[in-house]
Every structure is written in C-alpha cells, then in structure tokens.
Amino acid sequence: MTPSAPPQPAAAARPATATAPADALDVRRVSGALGAEVRGIDLNDLTDAQFDRIHELMLEHLVLFFPDQEKLTPAGHVAFGRRFGEVEVHPFLPKLADHPEITVIEPDKGGKADEWHIDVSFSPSPPIASILHLIDTPSAGGDTMWSNQYRAYETLSEPFREMLEGLTAVHVLKIPPVVEMSAEHPVVRVHPVTGRKSLYVTRMWTSHIPQLTRQESDTVLQHLFEHSEQPAFTLRHRWDPHTVALWDNRVTQHIAINDYQEHRRGQRVTVNGDVPSSNTPRRPEYRRNGDERYYPRRINAKVGY
C-alpha cells in the first residue's frame, strides 16, 4: 500500500483588504510638483491619529483635497481649523451667519482672487493654513491653481539665491481711502517645521525690496513673480461640489481662475499664523542719494508709478 503523503501545513490566511484600519487614509498624488487627494475620512469626526497623519501629509504635499465632504458642518469646519491653531475672523470679507470664523467666498462679494497671491501676507503674522469648502461650483471653469515655493527657491541658481539672502520684501494692502496695512518679511523664509527654505514674495501684495533701488527691486521682483508661477511648480484643481482643500500658506501661492459666469460659492476657515523668519541677518536698507526719486509704496512691479 502506498503511504499517504504527510499532511501539509495550512496556508497562511491572506490579510483582509475589504476594510481598512480606522486611521488608514487613501492618499493619491495629483501632480508632480505638489498636491494629494485624501479619501476615506470624515472631517467632522477626526481622531487624533487621523489629524496627525493629515498634518504630516500637508507638510509633505503642501495642498490636500478631501472629496465628498457633503456632511461637513460649519462647526466641524471650524473645529478642523482649530486643530492647527487659532482661527481668524477676517476683518473685511463677509462671514457665515453664526460662524464669524468662516469667510464666505463668492464672486459677487469680493471672492475672485484672480491673481497669484499668498493669503494675507500683508499681516505681520500671515496665516499658517487655509481650509476651503467649495459648496457650489460652475459646470465648467472656476479652477484653482497652487504653486510650490520650495521648488521656486530651490531651482534658482546658487549665486541668485545667495543674493536674495538677507533681503526683505514689503507686502501692502490698500483699499482707498480707508484701509492700508503692510508688513515686512524675508524674501527667503524658513519653514518653522520642516526647516526648508522657500520664496516669499507675491504678485498681488508685494510692493518692493527696501534694500534695493526701486528699479532693482522692480526687476528682481518681476523675475521672482514669473519664476514662481511657472507651470512646472504648479497644480490645477478642477472642483467638484463639497470638496475641501487644505493648503500650507507658508510655502504656496494660489490663484482662482476667472473663466466662469455661473455661481461659485465656498466657505473658508483660515488658521492664524506665525511670523515669517529667516536664518540670515537682515541687510541694511538702501540709502538714496539727495533728491533721487524713490517710490517705496508702489504696490508691485507691474503697476505704473
């Protein structure tokens, strides 16, 4: 009689894939330069572990998109923002009733920010981050673009980067005849968490570099604006209703593309900021000669005197 084969050990059970652990997130990059889409999460009800992972992802990808957040309540939106820090009550833009921390973004109420900018860089402590919940979107158009300012800095030539160290830029808001705010920040800022350097000038708000003559300042700024906005550093996001975007305002610029006529409405929570800093001593200001004409308060290089 032929002896039977010895019993084989049972195959190891395959790990289940139908359900993910409570704190696992589905993360997908959306461009080569920056940005990731995050699924599998309810922003109304974050665990500490989920928030810690979101914070890590924001530092890595700079902009995060959370689709399908129809259930996000105003209270949940504000609570999400408060996990990052104190939230802003914007001094000018319209607010959501009963939730002054939420700014209403609508094109007929000053909501078309259709020029590259850093949010509120004219403040001494600009926002750390913004969280935008797009509720109503046009059938076509109304995209938003972001630009990675780490890459903008790192792709400059070494001699040019060396020249920028120690320079500052003045950022100005003017709403004639009542409002004028300004702040001076390093042209090259160091991220307080990652320690990486980035460009910190913006076409919408930056007036001038006070260590340079006006002509030098205009020329340098115009180059930095164009350099920082080039397509290789950007992503373009097509909005679906009830997508939430979170971005690190310290190392990105963004622009809302004004190519639509239909209604577009969003609600934004902004996290109050820190003071931009550099690891290089500030250079002294330019000293003009005699009656030399000098225009330090002009808004930026593309606007005439």
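About the thresholds
Residues numbered from 1 in each chain as written. Predicted model: local features only at pLDDT ≥ 70, side-chain atom pairs only at ≥ 80, totals over all residues. Heavy atoms only, no water. Helix = DSSP H or I, 4+ residues; strand = E, 2+ residues; numbered from the N terminus. Buried < 20%, exposed > 50% of the residue type's maximum accessible area, 1.4 Å probe, protein only. Areas by Shrake-Rupley, 256 points an atom, 1.4 Å probe, with all protein chains shown as cover. Phe/Tyr/Trp six-rings, centres within 6.5 Å; stacked < 30°, edge-to-face > 60°. Lys NZ or Arg CZ within 6 Å of the ring centre and 35° of its normal. Contact = heavy atoms within 4.5 Å. Core = buried A, V, L, I, M, F, W, Y, C linked by side-chain atoms within 4.5 Å. Pairing = 2+ DSSP bridges. Axes fitted to C-alpha atoms, helices over the stretch in contact; angles between N-to-C directions. Expected span 1.5 Å × (residues − 1).

Caption draft 1: Up close: the overall build of the protein chain. Helix and strand content of the protein chain: five helices and 16 strands. Residue burial in the protein chain is summarised as follows: out of 305 residues, 50% are buried. Entry remark: accessible area of the protein chain is about 15,100 Å², with carbon and sulfur atoms responsible for 52%.

Caption draft 2: Local environment of the packing of aromatic side chains. Under the definition given, this model contains eight aromatic pairs. Measuring from ring centre to ring centre gives 5.4 Å for Phe-65 and Trp-146, while their planes differ by 70 degrees; the resulting arrangement is edge-to-face. Here Trp-146 lies in strand β7 (residues 144-148) and Phe-65 lies in strand β3 (residues 63-66), a separation of 81 residues in the sequence. There is no split in this pair, since Phe-65 and Trp-146 are both buried. Measuring from centroid to centroid gives 4.9 Å for Phe-122 and Trp-205, while their planes differ by 80 degrees, and the two rings are edge-to-face. Taken as a pair, Phe-122 in the loop between β5 (99-105) and β6 (129-136) and Trp-205 in the loop between β11 (197-199) and β12 (206-208) lie far apart in primary sequence, 83 residues in all. Members of the aromatic cluster, joined through ring pairs, are Phe-51, Phe-66, Phe-80 and Phe-84. Stacked on the ring of Tyr-150, the Lys or Arg Arg-196 has its end atom at 3.8 Å from the ring centre.

Caption draft 3: View of helix α2 (residues 74-82). Turning to α2, its buried residues number three or more, namely Gly-76, His-77, Val-78, Phe-80 and Gly-81. Residues of α2 that are buried make contact with α1 (48-61), β5, β6, β14 (243-248) and β16 (265-271).

Caption draft 4: Examining the environment of Leu-59 more closely. With respect to the helices and strands, Leu-59 occurs in helix α1. Distance from Leu-59 to His-191, taken between C-alpha atoms, is 9.8 Å for residues 132 residues apart in sequence. Ignoring anything within four residues of it in the chain, the contact list for Leu-59 reads His-191, Val-193, Thr-194, Asp-248 and Arg-250.

Caption draft 5: Quick look at the nonpolar core. Judged by nonpolar contacts, the single largest core of 22 residues is most densely connected at Leu-43, Ile-54, Leu-64, Phe-66, Phe-80, Phe-84 and Leu-246. A per-element tally of this core places α1 first, with five residues. Within the second largest apolar cluster, 17 residues are counted, among which are Tyr-153, Ala-169, Ile-209 and Phe-233.

Caption draft 6: Broad picture of the sheet that holds β12. In spatial order, the strands read β9-β8-β12; together these three strands make up an open sheet with antiparallel pairing. Pairing within the sheet leaves two strands with one partner each, and these edge strands are β9 (179-186) and β12. Looking at each pair of strands side by side, their axes are set apart by 35 degrees on average, direction ignored. When strand β8 (residues 168-175) meets β9, the two strands line up antiparallel, connected through eight bridges. When the sheet's bridge partners are listed, Ala-169 is paired in β9 with His-185.

Caption draft 7: Geometry of the sheet that holds β7. Strand order in this open sheet of three strands is β13-β7-β15, and the pairing throughout is antiparallel. Either end of the sheet is taken by a strand with one partner, and the two such strands are β13 (234-237) and β15 (252-256). The average undirected angle you get between the axes of adjacent strands in this sheet is 20 degrees. When β7 meets β13, the two strands line up antiparallel, connected through four bridges. Note that in β13 the partner of Trp-146 across the bridge is Leu-235.

Caption draft 8: Summary view of α1. The end-to-end C-alpha distance of α1, which contains 14 residues, comes to 20 Å, matching closely the 20 Å that a straight helix rising 1.5 Å per residue would cover. Gln-50, Phe-51, Ile-54, Leu-57, Met-58, Leu-59 and His-61 are the residues of α1 that are buried. Taken together, the buried residues of α1 touch β1 (26-29), β2 (36-39), β3, α2, β6 and β14. Taken from the residues just after α1, Leu-62 is the one with a positive phi, measuring 75 degrees.

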